[in-house]
Amino acid sequence: MKDFISILFIEETEQSNQEVKLRLEQSDFSVIPFSQNSVESLGVLLQAHKWDLIIADIDKEDLDLSYTLDILDQQEFITPLVLIGSEIKNDVLYDAMAAGVQDYVAKDNPDRLLPVVAKEIRNLRKQRKYTQTATKNQIFDRILKKSTNEVFLMDPMNLKVIYANDTLLDNLGYTEEELYDLSAKDLIASYDIRNVFEKIAPLYRGEENSTTFQFDRKRKDGSTYPVEIHVEVTQEDTRQLLMGISFDISRQVEDAKIIEKQKQKTRELELNNKYKSQFFANVSHEMRTILNSTLLLTNILKENRYENLNDDQLEYLQTIYHSNNSVLELLNEVLDLSKIEAGKIEVRLDEVEISDVCERAERLFKPIAWEKNLSFECSLNGIANNILKTDRLRLDQVLNNLISNAIKFTEHGSVRLEIVKANSDRAKQNGDRIAFKVHDTGIGIPDERQKHIFKSYVQAEGSSTEKRFGGTGLGLAISKEIANLLGGDITLESEPGNGSCFTLFLPSDSSDELAQQAKKGKLRIESKPDVESPLVEFPELETDKSQGTVLLVDDSSIHNMALKEFLGFSINKCITAESAGEAYEVLRQEIVDCIILDMYLPDADGKEVLDKLKSNGNYKNIPVIIYSGKSLAKSEEEELLKKADAVVQKNVNSYRKLLETVLERIG
Ligand code: ADP
C-alpha cells in the first residue's frame, strides 16, 4: 500500500509546478498536494495541518522564506521544507539552509525531486517516531514513579537494585543513591541466599519467564513488611535484567490472620456445640428414662390396688404425675427443637383423613375447653378430597399446640378449628393447599410482638405471660419449623382484646417437599413406631399370669423397678440386671424365656451383648427384644433384626407395646 503524504506547495498560482506535481503522483507515495499562494493565509494554513513536507517555490515573487521558517520553528513537531526554483544564488541557498531549509531542487533537474522527497519523508518518519517514543517513555516513567506498586530493576549477577520507583523508595525509607549501594540481604528480612536463589533459579535456567513469591522486606529503620513480588527477566541492550513488581500485602496478611482466627473460633464453637448437643442428648435420654419410670410408678400407685391410700395421698400422686408429665413434655419440646436444628428430625408420610383430624380435635379439646367454660367447635368446608398426605403425628403436634394455646389464652367465648381449602392466591404450583384455621376470642397479640412469637423461647409480653399462663415459648417455634418442613407455613392475624387466628397451611401432598428437604439434609424420612395411646393403660392383674421368666437388662435401676412392676401384672417372673455382666450371671443361674435388652449398658454395647447371646449355643434360642431410647435409623433397625426378635422404641407410651411383644414370645 502506498504511503499517504501531504505536501503544501507555496507557489505563484495553482497551475505552477505542474511538471513537479506530475512526477510526485507517479512516485511510490500517494501525494496530496495543496497549493498556497496568498501570503495572508499562510500562517493559518501552516498551523492548521501537520504537513509532511513543504515545497516553497523561490520563483514566487512575494515568498517570505524567513516568515515561513519562523512559523515552522515555533511548531512542536518537525516539518521539512524543500526549495524549488529556476535559479538560486549560492549564498542565498546557504543562508536558507542555515536557517532550516532541508534541500533545493532546480526546476530544470526534476529527476532529483523524488529522491529528495523520499529522503525527507524517511527522515521525518524516523524523527516523529522517535519523538513519539520519547513522549511515551516520559509518560511511562511518570506512571512508574507514581505507581502504588513497587517497581524495580535488578542486576541478576549481584542482586543489586539499579532502578527503583518512588513507591519502593518511600516504603523502604532509602534515597536512590543509598538503595543502589545495597544488596538483597539488606532488603530482605531473615535473608537466606538459598531460599532466594531457589525462587529465582528457574529464571536463570531459562525454565520460566517469571515467578511470584512472598517475603518480608526490611526497611532502613529495621522494621519489616510482607510483600508479594513478581519477577521476570527482561533484556536491556545486550544484558539481562530482573524486572520486579511488588506490593505491600500487610492488609491481606492481617485479614488472612483475622479470617483464620475466626475460622478457628467457629471450629471451636462447632466442636463445643457438638459436645453440648451430645451431652444434652445423653442427659435428656437419662432424664426421660427416669421420668418415664416415675410416671409409670406413680400410675401404679394411683391404681391403689391394696386400697391403703387416702384421697389426699391420691391427689398428691395426681400432682406428681402431672408435674412429671409437664417436665417430660418440656424435655420433648427442647429435644424436638434441637433435632430440627440439627436436621435429625424424622418424618413419615401418612395418608390422613381430614375428617379424622376434625373428630380427634373435638374429642381431645372439647372437655378441656368446657372446663374453662369455652366452646370448642370444629368445621370442615369445601374440602373435595378428604385425604391429606403428610406426617400424621407432626400435624397433630402442630394443631395441638395451636389449639391448646388458643384455649390457654382465651378467658371467654370460643375456640374454633376451621379446615378449608386454601385461597388460590396462596396455592402453590404443585397441588392444593389446606388451611387449618384456629380462631379464638382471647387476649390477642399486639402487632409488634406478632413476628417475634415464632422465635424460640419468646412469649408475647415477656415474663408476665410466662407467669400468668405458664409455657416455655417453644411451641410456636417448633410448629412453624414443622410446617415449613412439611412444605407449608403458619400465619397469624390478631387484634389485642379481640382474639387471634393462627392458620396452618399444608400442601395436600407433602411427598415432593419431604423428598426435597431430605435431600438437603434437613430431615430424615423414616418409619416411626406406631402411634401409641397417650396414656399408659394398665393391664388387668391377670389371674393366670404367663408362667414365663423375663430378664430385663437396663442400666437404670428406677426404670427396671418400674418396668418390673408393670410387667408383673401379666408375667409371673421378671428378673432385672443393670449390666451385661449381671445379665450373664442371671443366665447362668436361671432359665429365662425372653430377654429385654437396652442398647446402652455400663460395661458393654447392647449390640455386643446380642452378638454374644446369639453365638452361644445355650442362649441362642432365647428371644431378645431390643428396648432402647436411642432413635434408630431404618437401616440400624434392620441390622439389629437380623439377630434380635423385635425392636421396640422406649418411651412413656410404649410399655404396653413391649408387654404385648413379650407375651407374643412367651405367652
Ligand atoms: P408457650 O409455651 O409459651 O405457649 P408458644 O411458642 O406456643 O409458647 O407461644 C408463644 C407465645 O405466643 C405465648 O407465650 C403467647 O404469648 C403467644 N400466643 C400464642 N398463641 C396465642 C393465642 N392464641 N392468643 C394469644 N397469645 C398467643
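Everything below is about the structure shown above.
Rules of the game
Residues numbered from 1 in each chain as written. Predicted model: local features only at pLDDT ≥ 70, side-chain atom pairs only at ≥ 80, totals over all residues. Heavy atoms only, no water. Salt bridge = Lys/Arg side-chain N within 4 Å of Asp/Glu carboxyl O. Helix = DSSP H or I, 4+ residues; strand = E, 2+ residues; numbered from the N terminus. Buried < 20%, exposed > 50% of the residue type's maximum accessible area, 1.4 Å probe, protein only. Pairing = 2+ DSSP bridges. Axes fitted to C-alpha atoms, helices over the stretch in contact; angles between N-to-C directions. Contact = heavy atoms within 4.5 Å. Lys, Arg positive; Asp, Glu negative; His and termini not counted. Left-handed = near helix turned anticlockwise from the far one by under 90°. Nonpolar A, V, L, I, M, F, W, Y, C, P; charged D, E, K, R; others polar. 1 Å grid on protein atoms, 1.4 Å probe; cavity = no way out; pocket = protein on both sides within 12 Å on 5 of 7 lines; lining within 4 Å. Points joined across faces, edges and corners; volume = space filled by probe spheres on them. Phe/Tyr/Trp six-rings, centres within 6.5 Å; stacked < 30°, edge-to-face > 60°. Lys NZ or Arg CZ within 6 Å of the ring centre and 35° of its normal. Right-handed = clockwise from strand over helix to strand, strands pointing away.

### Things to note about the pattern of salt bridges
Across all of its chains, the model carries 29 salt bridges by this definition. Taking the shortest distance from any N to any O, the salt bridge between Arg217 and Glu150 comes out at 3.0 Å. Of this pair, Arg217 sits in strand β8 (residues 210–218) while Glu150 sits in strand β6 (residues 150–155), placing them 67 residues apart in sequence. For Arg217, a relative accessible area of 5% translates into the label buried. Judged by its relative accessible area of 0%, Glu150 falls in the buried class. The salt bridge involving Arg588 is made with Glu585; its shortest N-O contact spans 3.1 Å.

### Thoughts on the sheet that holds strand β10 (residues 239–248)
Pairing is antiparallel across the open sheet formed by five strands, whose spatial order is β7-β6-β10-β9-β8. Looking at the sheet topology across the chains shown, the edges are occupied by β7 (160–164) and β8. Taking the axes of each pair of neighbouring strands and ignoring which way they run, one obtains an average angle of 35° across the sheet. Each of β8, β9 (224–236) and β10 touches helix α9 (residues 193–204); the most contacted strand, β8, lies at about 150° to it.

### What to know about the sheet that holds strand β5 (residues 103–106)
Spatial strand order, β2-β1-β3-β4-β5: five strands in an open sheet with parallel pairing. One side of each edge strand has no neighbouring strand; the edge strands of this open sheet are β2 (29–36) and β5. Averaged over all pairs of adjacent strands, the angle between their axes in this sheet comes to 25°, without regard to strand direction. Where strand β1 (residues 3–10) meets strand β3 (residues 53–57), four bridges bridge the pair, whose relative direction is parallel. The partner of Ile10 across the bridge, within β3, is Ala56. Against the sheet, helix α3 (residues 65–74) contacts β1, β3 and β4 (81–85), and its axis sits at roughly 160° relative to β4.

### Section: the side chain of Asp155
In this structure, Asp155 sits in strand β6. Although Asp155 is buried, it makes no salt bridge; Arg239 carries the closest opposite charge, 4.6 Å away. Residues contacting Asp155, with those up to four places away along its chain left out, are Lys160, Ile162 and Leu241.

### Here's the deal with the packing of helix α12 (residues 354–371) against helix α13 (residues 392–408)
Helix packing for two helices is described by the angle between their axes and how far apart those axes are. Direction vectors running N to C along α12 and α13 enclose 35°, while the axes themselves pass 11 Å from each other. The hand of the α12/α13 crossing is right-handed. Mapping the contact onto sequence places Asp356, Val357, Arg360, Ala361, Leu364, Phe365, Ile368 and Ala369 in α12 and Arg392, Leu395, Asp396, Leu399, Asn400, Ile403, Ser404 and Ile407 in α13. Split into classes, the residues belonging to the contact of α12 with α13 amount to 10 nonpolar, two polar and four charged.

### Re empty space enclosed by the protein
Going through the model one piece at a time under the given rule, you end up with two cavities of 30 Å³ or more. The volume enclosed by the largest cavity comes to roughly 210 Å³. Together, 16 residues line the largest cavity, and Phe152, Met154, Ile188, Phe215 and Ile229 are the ones closest to its centre. Per-element accounting of the lining of the largest cavity gives the leading share, three residues, to β8. Looking at the lining of the largest cavity residue by residue, the class counts come to 15 nonpolar, no polar and one charged. Quantified by volume, the second largest cavity comes out at close to 50 Å³. When its residues are assigned to classes, the lining of the second largest cavity shows four nonpolar, three polar and three charged.

### Side note on the packing of aromatic side chains
Applying the stated criterion to the full structure yields six aromatic pairs. Seen in terms of ring centroids, Phe34 and Trp51 are 5.7 Å apart; in terms of plane orientation they differ by 40°. Their pairing is tilted. In this pair, Phe34 sits in strand β2 while Trp51 sits in the loop between α2 (42–48) and β3, placing the two residues 17 residues apart along the sequence. Of the residues examined, Phe34 reaches a relative accessible area of 39% and is grouped as partly exposed. By relative accessible area, Trp51 is classed as buried at 6%. Relative to Tyr655, the ring of Phe566 has its centre 5.7 Å away and its plane inclined at 50°; by these criteria the two rings are tilted. With Phe566 in helix α18 (residues 557–567) and Tyr655 in helix α22 (residues 655–666), the pair connects residues that are 89 residues apart, well separated along the chain. Residue Phe566 shares its accessibility class with Tyr655, and that shared class is buried. The positively charged end of Lys480 is found above the aromatic ring belonging to Phe454, 4.6 Å away from the centroid.

### Considerations on the pairing of strand β23 (residues 624–628)
With five of its five residues buried, β23 lies for the most part within the structure. Side chains Val624, Ile626 and Ser628 project from β23 onto one buried face, and the interleaved Ile625 and Tyr627 project onto a second face that is buried too. In this structure, strand β22 (residues 594–597) lies alongside β23, joined through three bridges in parallel fashion. Across the sheet, Ile595 pairs through a bridge with Val624, a residue of β23. For the segment spanning β22, helix α20 (residues 606–614) and β23, crossover handedness is right-handed. Across four bridges, β23 lies against strand β24 (residues 646–649) in parallel orientation. Note that in β24 the partner of Ser628 across the bridge is Gln649.

Function cannot be read off these values alone, since they describe shape.
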